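Letter by letter, the chains look like this.
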Amino acid sequence: MKHRIVVLGAGYAGTYVAGTLARRLSPADAEITVVNAEPDFVQRLRLHQLAAGQEIEAPQLADVFAGTGIRLRVARVTAVDPERQVVAMADADGGGELGYETLLYALGSHVADHGVAGVAEHAFDVSGRPSALRLRERLDSLGKRDEGGSVLVVGDGLTGIETATEIAEARPGLSVTLVARGELGARLSAGARSHLRHVCDRLGVTVLEYASVEAVEATRVLCADGTALASDATVWTAGFAVGPIAAVGGLEVTENGRIVVDRTMRSVSHPNVYACGDSAYAIGDNGRPLPMSCASAGYTGRQAADAIVGRLTGGEIANTKLVYPGNHISLGRRDGILQMVDDEAQAQPKYVGGRTAARIKAGILRISLWAVSHPTFGLPRRTRHLAPDAPAERAVGVRVAA
Ligand SMILES: Cc1cc2nc3c(=O)[nH]c(=O)nc-3n(C[C@H](O)[C@H](O)[C@H](O)COP(=O)(O)OP(=O)(O)OC[C@H]3O[C@@H](n4cnc5c(N)ncnc54)[C@H](O)[C@@H]3O)c2cc1C
């Protein structure tokens, strides 16, 4: 009987781990199944571009995994039961359950309203493809009006900055405002902050600082100081959280739903469950939680894959690097900021701005897409057999979906 590894989510983290496991474990011993809601890979790093009106590549996952031995199941995960070691799924055929001996949870994150009234009903976001496309439709309809329209981007984290500048550059007929809770780009170095302000001026983005949004309505937002800001499209970028599936299943999670893991990305409550990417609450080598980011997806994914292979084959588990090197921020298609951070996650004084940064960011996006599209990196298999005591398929009365 084979050891069944089920990978939930084929985003940046899940695809990488599935590919690495397929390369390193013998297919005679381990069966790897990836479950993903969409049939194609969504480049989340570029969803603000999609919203602004650009097309982004979306490789079919069936092609990505072809010839790797990885089984793909296109279905929405609805529940995880770590006691019975099954995952419940829904799809057009009704779904079913999938049993596992090892589970890798990499379902990513979604937008979080932090309890602000009206966000769910009235705000747009760019955290997933459907919501990015809804925003795009709205921007299209505003663009057709003679008087244009106003777009209010709430949140000056990286996603908010990228979204506001991208929309302003792509749709100069719209008036774009970026609402920041404190000073604009507070986590950047002084030089990078000043570069950002200059780019916002050039693109005509109005910056509203020290403003806290308390409610979102259909045509305006209300701030804590009583100010009402008119808005034809409010884009909420002020937070991300992990869906409830892990928490409902009984896994130990943080307040915002991230699975608490140890240094090897193993759930602290359920030893045969691993998490990586946005879904994992992992502590970096500097003692601080790793931020939700593509870089963290890579580092946590690598550690999870090493730990799974090590435990199943009886090999050593190395502590791989868990760091956050810095921010690569696009400011439209022709500008950007690369801001390196120090060991304490504080911005270093040096930054790279302008076209060079834009080119480097474009390169990073290309490399990430290539890596996801080639999850086994085209390398010959370095397959290892499972240790004799590695658990194999158990008879638990589980209906395994076809
Ligand atoms: C607009 C935008 C710009 C960003 N820019 C940057 C950036 O420049 N740099 C950076 O480091 N980070 C950036 N990020 C953050 C980055 O995208 C995430 O940190 C990264 O995608 C996390 O990878 P992941 O594999 O954990 O999750 P994801 O890439 O989100 O993958 C999760 C996968 O799980 C699937 N899934 C989710 N729920 C279910 C379900 N119930 N059933 C089945 N499948 C499901 C999804 O379809 C998806 O395929 C950006 C995010 C956004 C929204």
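Just so it is clear, the model here is predicted, and its values are computed rather than measured.

A. Quick look at the overall build of the protein. A count of helices and strands for the protein gives ten helices and 22 strands. Taken against the 2.2 N^0.38 rule, which gives 21 Å for 402 residues, the C-alpha radius of gyration of the protein at 22 Å falls within 12% of a compact globule. If one aligns the C-alpha atoms of the protein with their principal axes, the spans along those axes are about 70 × 45 × 35 Å. In the protein, which comprises 402 residues, the proportion classed as buried is 52%. Counting only contacts in the protein whose residues sit at least 6 apart along the sequence, the fraction spanning at least 24 positions is 66%.

B. Summary view of the sheet that holds strand β22 (residues 347-353). Taken together, three strands build an open sheet; the order of strands is β20-β21-β22 and the sheet is antiparallel. Every other strand in the sheet has two partners, leaving β20 (326-330) and β22 as the edge strands with one partner each. Across the sheet, the mean angle separating the axes of adjacent strands is 15 degrees when strand polarity is ignored. Pairing of β20 with strand β21 (residues 336-341) involves five bridges; the strand directions are antiparallel. Counted as the bridge partner of Ile-329 is Ile-337 from β21. This element, helix α7 (residues 190-203), spans β21 and β22 of the sheet and lies at about 165 degrees to β21.

C. Layout of the packing of aromatic side chains. Per the counting criterion, the structure on display carries one aromatic pair. Taken together, a centroid distance of 5.1 Å and an interplanar angle of 85 degrees make the contact between Tyr-12 and Phe-41 edge-to-face. Of this pair, Tyr-12 sits in helix α1 (residues 12-24) while Phe-41 sits in the loop between β2 (30-36) and α2 (47-52), and the two are 29 residues apart along the sequence. Owing to a relative accessible area of 0%, Phe-41 belongs among the buried residues under this scheme.

D. The sheet that holds strand β14 (residues 228-230), seen in detail. Spatially, the three strands line up as an open sheet ordered β12-β13-β14, and their pairing is antiparallel. Bordering the open sheet on either side are β12 (213-216) and β14, each of which pairs with just one other strand. Strand-to-strand twist across the sheet, computed as the mean angle between neighbouring axes with direction ignored, equals 25 degrees. Alignment of strand β13 (residues 220-223) against β14, held across three bridges, turns out to be antiparallel. Across the sheet, Val-221 pairs through a bridge with Leu-229, a residue of β14.

E. The pattern of salt bridges, seen in detail. Following the criterion strictly, the structure yields 22 salt bridges and no others. Here Glu-344 makes a salt bridge to Arg-288, at a shortest N to O gap of 3.0 Å. Highlighted residues: Glu-344 in the loop between β21 and β22 and Arg-288 in the loop between β19 (280-281) and α9 (294-313), separated in sequence by 56 residues. On the accessibility criterion, Glu-344 (40% relative accessible area) is partly exposed.

F. Layout of the side chain of Arg-136. On the secondary structure map, Arg-136 appears in helix α5 (residues 129-143). Contact partners of Arg-136, with chain neighbours within four places excluded, come to Leu-50, Ala-51, Gly-53, Gln-54, Glu-55 and Arg-171.

G. Layout of the state of the cysteines. For the structure shown, the criterion picks out zero disulfides. Not part of a disulfide, Cys-294 finds its nearest cysteine sulfur in Cys-276, a span of 12 Å.

H. Structural view of the layout of surface pockets. Considered as a void within the structure, the second largest pocket measures approximately 250 Å³ in volume. Looking at the lining of the second largest pocket residue by residue, the classes come out as eight nonpolar, four polar and two charged.

I. Just the environment of Ala-51, in detail. Tracing the sequence through the fold places Ala-51 in helix α2. Each residue touching Ala-51, except ones within four places of it in the same chain, is listed here: Val-126, Ala-132, Leu-135, Arg-136, Leu-139 and Arg-171.

J. Fine view of the site of the ligand. Near the ligand, the surroundings consist of 30 residues, among which Asn-36, Val-77, Asp-278, Cys-294 and Lys-361 are the closest. Between the ligand and Ser-293, the relevant distance is 3.1 Å, taken from an oxygen atom to a main-chain nitrogen or oxygen of the residue. A distance of 2.6 Å is found between an oxygen atom of the ligand and a side-chain nitrogen or oxygen belonging to Lys-361. Protein chains bury 88% of the 990 Å² of accessible surface belonging to the ligand in isolation. Listing elements by their share of the shell around the ligand, those giving two or more residues are α1, β4 (76-81), α6 (158-170) and α9. Counting residues per element, the shell around the ligand draws most heavily on α9, at three residues. Taken together, the residues of the shell around the ligand break down into 15 nonpolar, ten polar and five charged.

Calculation rules
Residues numbered from 1 in each chain as written. Predicted model: local features only at pLDDT ≥ 70, side-chain atom pairs only at ≥ 80, totals over all residues. Heavy atoms only, no water. Helix = DSSP H or I, 4+ residues; strand = E, 2+ residues; numbered from the N terminus. Rg over C-alpha atoms; globule rule 2.2 N^0.38 Å. Buried < 20%, exposed > 50% of the residue type's maximum accessible area, 1.4 Å probe, protein only. Contact = heavy atoms within 4.5 Å. Pairing = 2+ DSSP bridges. Axes fitted to C-alpha atoms, helices over the stretch in contact; angles between N-to-C directions. Phe/Tyr/Trp six-rings, centres within 6.5 Å; stacked < 30°, edge-to-face > 60°. Salt bridge = Lys/Arg side-chain N within 4 Å of Asp/Glu carboxyl O. Disulfide = S-S within 2.5 Å. 1 Å grid on protein atoms, 1.4 Å probe; cavity = no way out; pocket = protein on both sides within 12 Å on 5 of 7 lines; lining within 4 Å. Points joined across faces, edges and corners; volume = space filled by probe spheres on them. Nonpolar A, V, L, I, M, F, W, Y, C, P; charged D, E, K, R; others polar. Near = heavy atom within 4 Å. Polar contact = N/O pair within 3.5 Å; in protein donor to acceptor, adjacent residues only side chain to side chain. Areas by Shrake-Rupley, 256 points an atom, 1.4 Å probe, with all protein chains shown as cover.

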